[in-house]
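# A look at the structure
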Amino acid sequence: MHNKSVAQLIAGLRAKHFSSVELTRCFLDRIGSLDPQLNSFISVTEDTALAAAAAADQRLADGTAAELTGVPIAHKDIFCTQGIRTSCGSRMLDNFVPPYDATLIKRFDELGAITLGKTNMDEFAMGSSNENSYYGPVRNPWNTDLVPGGSSGGSAAAVAALLAPAATGTDTGGSIRQPAAFCGITGLKPTYGRVSRLGMVAFASSLDQAGPMAHTAEDCALLLNAMAGHDPLDSTSSPEPTQDYTAQLDNKLDGLRIGLPSEYFGDGLDAATGERIDAALQQLEAQGATLVEVSLPNSQLTIPTYYVIAPAEASTNLSRFDGVRYGHRCTDPVDLHDLYTRTRGEGFGDEVKRRILVGTYALSAGYYDAYYKKAQQVRRLIQQDFMRCFEQVDVIAGPTTPGPAFSLGAKSDDPVAMYLEDVYTLAVNLAGLPGMSVPAGFVDDKPVGLQLIGQHFDEARLLNVAHQYQQVSDWHLRQPAAMTGGAA
Ligand code: GLN
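Residues numbered from 1 in each chain as written. Predicted model: local features only at pLDDT ≥ 70, side-chain atom pairs only at ≥ 80, totals over all residues. Heavy atoms only, no water.

Helix and strand content of the protein chain: 16 helices and eleven strands. Taking 488 residues into account, the globule formula puts the C-alpha radius of gyration at 23 Å, and the protein chain, at 21 Å, falls close to it. When its C-alpha atoms are laid out on the principal axes, the protein chain stretches across 65 × 55 × 45 Å. Taken across its 488 residues, the protein chain has 60% of its residues classed as buried. Surface summary for the protein chain: the accessible area is close to 17,500 Å², and the carbon and sulfur share equals 51%. Computed over 37 positive and 55 negative side-chain charges, the separation of the two mean positions in the protein chain equals 4 Å. (Helix = DSSP H or I, 4+ residues; strand = E, 2+ residues; numbered from the N terminus. Rg over C-alpha atoms; globule rule 2.2 N^0.38 Å. Buried < 20%, exposed > 50% of the residue type's maximum accessible area, 1.4 Å probe, protein only. Areas by Shrake-Rupley, 256 points an atom, 1.4 Å probe, with all protein chains shown as cover. Lys, Arg positive; Asp, Glu negative; His and termini not counted. Charge placed at Lys NZ, Arg CZ, Asp CG, Glu CD.)

The next thing to look at is the site of the ligand. Inspection of the region around the ligand gives 15 residues, with Thr 172, Gly 173, Ser 175, Tyr 306 and Arg 355 positioned closest. Within the backbone of Thr 172, a nitrogen or oxygen atom sits 2.7 Å from an oxygen atom of the ligand. Between the ligand and the protein, one listed contact pairs an oxygen atom with a side-chain N or O atom of Arg 355 at 2.7 Å. Here the ligand loses 100% of its free accessible area of 290 Å² to cover by the protein chains. Here the residues of the shell around the ligand sort into five nonpolar, seven polar and three charged. (Near = heavy atom within 4 Å. Polar contact = N/O pair within 3.5 Å; in protein donor to acceptor, adjacent residues only side chain to side chain. Nonpolar A, V, L, I, M, F, W, Y, C, P; charged D, E, K, R; others polar.)

Topologically, Phe 182 is positioned in helix α6 (residues 177-183). Note on Phe 182: relative accessible area 0%, which makes it buried. Residues Phe 182 and Gly 70, 112 residues apart in the sequence, show an inter-C-alpha distance of 29 Å. Leave out the neighbours within four places in its chain, and Phe 182 touches Asn 140, Trp 142, Val 147, Pro 148, Gly 149, Thr 401, Gly 403, Pro 404, Ala 405, Phe 406, Glu 421 and Pro 447. (Contact = heavy atoms within 4.5 Å.)

It is worth spelling out the environment of Ala 280 at this point. Inspection of the secondary structure puts Ala 280 in helix α8 (residues 271-286). Once the C-alpha coordinates of Ala 280 and Leu 450 are considered, the two residues, 170 residues apart in sequence, prove to be 7.5 Å apart.

To continue, consider the pattern of salt bridges. Counting across every chain of the model gives 16 salt bridges. Here Lys 118 makes a salt bridge to Asp 77, at a shortest N to O gap of 2.9 Å. With a gap of 41 residues between them, Lys 118 in strand β3 (residues 114-119) and Asp 77 in the loop between β2 (72-76) and α4 (103-110) connect regions that are remote in the sequence. (Salt bridge = Lys/Arg side-chain N within 4 Å of Asp/Glu carboxyl O.)

Below is the structure:
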C-alpha cells in the first residue's frame, strides 16, 4: 500500500482493496519505525488520524465519499491545525495550539483526507537545508548524511521515504521545489494567490505560497484541485477561476515551446547536474517540444533583491511574537522591555534573528528608499524579464538547484553559501509565477530536479509537461533503498 500514488490509493479505497484504517495504520507504522532516522515529523497525530480513517471508511461504505476520502497526507507544520500544535519549526511556537484551522487544512478535511501529522521545517520557513529547525535537522532518505533541502524538508523527506503518499509545503523562495529536487519527488509552487494563505504562518507575505509535494505530477494535480481557489478571508488570494488540474495531463507536447534561459545553464551549475537536465530536455524535445534559447538578464539581481524584500516582510510579520498573546514567554519579566527582549531572544533561532535585523534595517527611515523601495523596483524588472520570455515560449525550463543535496553541516556556518542554493528558484516567487520541480535523474546516487516555470495561473500546463515526462521516465518512481528494504 505504501508505494502507491494518491491516484492509485483513491482507486484502491473505492474498490475496497484496503480500508482507510488499514492504509492509515500502514503509514503510521512506517513513521514509527523509519522516522527516528529522518526526523521528518514534528507531531504525529495517530489518534485523530485513525478516528478520521474510521469515519472515512464509513463514508466509503455508504457512498458519500468526497474526492480524497480516506487518503492520508502530511502537512507542513506552518499550517494552523485546530487543537494540534503548530510550531513552525520554532521554539517561539513550541506551545502554540491554534484555535482554528488554516483554509488549506479545512479544504483537505472537507474532501476527506486524513492528517497523519505535521512535518518538520526550517524555523519560520527560513532556510534551504532544514538545519534551522528547533526540532533538529531532517535527514535525506536517499542518504542520511545529506540534507533534504528546506524549508519544506520534512514534507519532502516524508514523501520520499514513503511515510506519507503526499504532503503540503510552502514556497517563499524555493522551499517546495528545492527539497523536492533533493529528495527525488515532484513539487509545485502555484501562482502567488492561487492558494489561500489564511492560517499559514506568514514569513514574507508577498512571496509565500502553499503547494503540493508528491511522487507524481498527477498526484500534485489532485492535491492542487483540493487547495486552489479564492478565499474571501484572504484578501491576497486570487479570484481567478480554478480549473480541474488533471484535465490537461494527457495532452501531447507537440508544438510546445520551452525556453531555456542562458543564465540558468552557465557558471555555478554543477556539470553532472547540467547533464541530467540536458538529457531531460532532450527527452521533452523527442516528445514534440521545441527548445528555444531565452534570456533573463536580471537573474544576477534575484538573490540581493529577495534578501532585502523577504527579511523586510519577515521583520514586520514576526513583530507579533512578543510574549504577550501567544507562544513562548520568558519567565518572570521585570518590565515590558525585559519581556520583549528575553522572549524574542529565547524564542527565535539565529537565522530568524539575522533576518529580523536585516529587515528592520532595510525598512528604517533613511534606508527604506535605498533598500526596500529599490528592491521592489528591481523586482519589477525581474518580472518583466519573464514576461518578455513568455512572448516567445510557453514554459521555461532549467535546473531546480545548482547541484544535488549537500552534507549536513556543509553550509550551516555560511549563510551566503546557503542563500546561493536558491539562485534558480527565487525569481519565480519575486515574479509571482508557478514553478515545479520534477525528478530528472541522479548524480552520484543523489536526486536531481528539473524546474519548469509557467505563466501566471498556467499550473495545468506545467502539470501536463511534467506528467508527459513521467510517462517516459521512471525517476519519480525510484525509492531510497534504506526506506524500502530493497534496491532503489
Ligand atoms: N531558502 C529561502 C530562504 O531561506 C527560501 C525559503 C522558502 O521558500 N520558505 O528564505
